[in-house]
Amino acid sequence: MKKIFITGASRGLGLEFSKQYLERGDTVIASCRNPEKAEALKDLKSIFPDNLTIVQLDVVDEQSRNDVFTNIEKEFDAIDILINNAGIISGNESESSVLGEIYKEDFRKVFSVNTIAPLLMSEKLLPLLEKSSNAKIVNISSQNGSIALRSVGGKYSYAASKAALNMVTKVLSNDLKDKGIITLAIHPGWIKTDMGGSNAPLEIEEPISQIISLTDKSSLNESGKFLDREGKEVPW
Ligand SMILES: NC(=O)c1ccc[n+]([C@@H]2O[C@H](COP(=O)([O-])OP(=O)(O)OC[C@H]3O[C@@H](n4cnc5c(N)ncnc54)[C@H](OP(=O)(O)O)[C@@H]3O)[C@@H](O)[C@H]2O)c1
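This is a predicted model, so every value here is computed, not measured.

Cut-offs applied
By convention here, each chain's residues receive numbers from 1 onward along its written sequence. Residue-level local features of this predicted model are given only where pLDDT is at least 70; pairs of side-chain atoms are given and counted only at 80 or more, and the full residue set underlies all totals for whole chains, interfaces and linings. No hydrogens and no water enter the side-chain calculation; it runs on all heavy atoms of the structure. Strands are runs of DSSP state E lasting at least two residues, helices are runs of H or I lasting at least four, and both sets are numbered from the N terminus onward. It only takes one pair of heavy atoms within 4.5 Å for two residues to be counted as in contact. Here the term buried applies to any residue with accessible area under 20% of the maximum for its type, exposed to any over 50%, and partly exposed to those in between, with areas from a 1.4 Å probe on protein chains only. Here the rule is simple: two strands pair whenever DSSP picks up at least two bridges between them. Crossovers are marked right-handed if the path from the first strand over the helix to the second runs clockwise, as seen with the strands pointing away from the viewer. We call a residue near a molecule or strand as soon as one heavy atom of that residue lies within 4 Å of the molecule or strand. The definition of a polar contact used here is a pair of N or O atoms within 3.5 Å, where within protein one atom must be able to donate a hydrogen and the other to accept one, and adjacent residues in sequence count solely through side-chain atom pairs. When residues are sorted by character, Ala, Val, Leu, Ile, Met, Phe, Trp, Tyr, Cys and Pro go into the nonpolar class, Asp, Glu, Lys and Arg into the charged class, and all the rest, Gly among them, into the polar class.

How do you make sense of the environment of Thr 115 when you look at a structure like this?
Summarising the element assignment, Thr 115 is placed in helix H4 (residues 104-129). When the C-alpha atoms of Thr 115 and Ile 88 are compared, they prove to be 10 Å apart, with 27 residues separating the residues in sequence. If we skip the residues at most four places from it in the chain, Thr 115 touches Val 110, Ser 161, Ala 164, Leu 165 and Val 168.

This is how it looks when you write it as structure tokens:
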């Protein structure tokens, strides 16, 4: 039975990760900004009262990151898998990141959540990850972060934040190799969620199940790589 810490678990991919890990008997620490309003997570808690812990966490808030560590350290001796899933597509109400309408606040917010927070969460939870015999950090990236595959304009902040997250993943893998901790950047596919929208071709269940299985199988040979949900390398 593994212990999994998930960011952004209130909805979308994070909620589905929580559900699938719980269904197979793992222990999940599901973090979200507003636990009182996270109705779907509360429903999961009523089904899995012993294996699900819901904690408040805003990944960009240092106090919140510190509090979450202090609280879970009392209850959990180790974390086996950290899933840095929380993400935003834009820091701009209009969701615009197009040439002619670029504003720096959008970049600052998107990088804070998508790039800097996964690194800071990994750093914060490292003492608990180090206590696992087979720890893994999964950074939920995006094909939008692939420079090689980029063929359209727009989405400057989101695309750049995921390209930078890929670099963070690679650098972390170098730093954590000697500790045996595996880090992965995974493109989940285009999935129907609030972010993915209703035109997305993928329903949520299968890609998440594939990522869980890929994470299980991953070894230090894959650490630092940018993979799709089937385990194929995505060009940088
Ligand atoms: N859906 C896709 O097609 C797709 C494709 C490629 C990559 N991804 C990536 O997959 C991840 C999840 O996406 P999704 O589709 O599930 O998005 P989503 O439905 O918009 O959900 C985003 C989640 O992130 C949380 N979040 C945002 N800012 C946060 C913060 N500061 N602190 C803590 N949690 C925060 C949200 O919490 P609240 O409920 O509090 O807002 C929500 O739980 C993201 O990293 C995204 O970039 C998604």
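That was the structure; now back to the text.
Could you clarify how one ought to interpret the pairing of strand E2 (residues 27-32) in this entry?
Successive side chains on a regular strand alternate, one facing one side of the sheet and the next facing the other. With six of six residues buried, E2 is to be regarded as a mostly interior element. Here strand E1 (residues 3-6) runs beside E2; their pairing, made up of four bridges, is parallel. Its bridge partner being in E2, Lys 3 is matched across the sheet by Thr 27. In terms of handedness, the path from E1 via helix H1 (residues 12-23) over to E2 forms a crossover that is right-handed. Bridge analysis of E2 against strand E3 (residues 52-56) gives five bridges, and the strand direction is parallel.

Quick question: what am I supposed to make of the site of the ligand here?
As a matter of local geometry, the ligand sits amid 27 residues, with Ser 10, Arg 11, Arg 33, Tyr 158 and Thr 193 nearest to it. Between an oxygen atom of the ligand and a side-chain N or O atom of Ser 10, the distance comes to 2.6 Å. The separation between an oxygen atom of the ligand and a polar side-chain atom of Arg 33 is 2.7 Å. If you list the elements that add at least two residues to the shell around the ligand, you get H1 and helix H5 (156-176). Of the residues contributing to the shell around the ligand, the split by class is 12 nonpolar, 10 polar and five charged.

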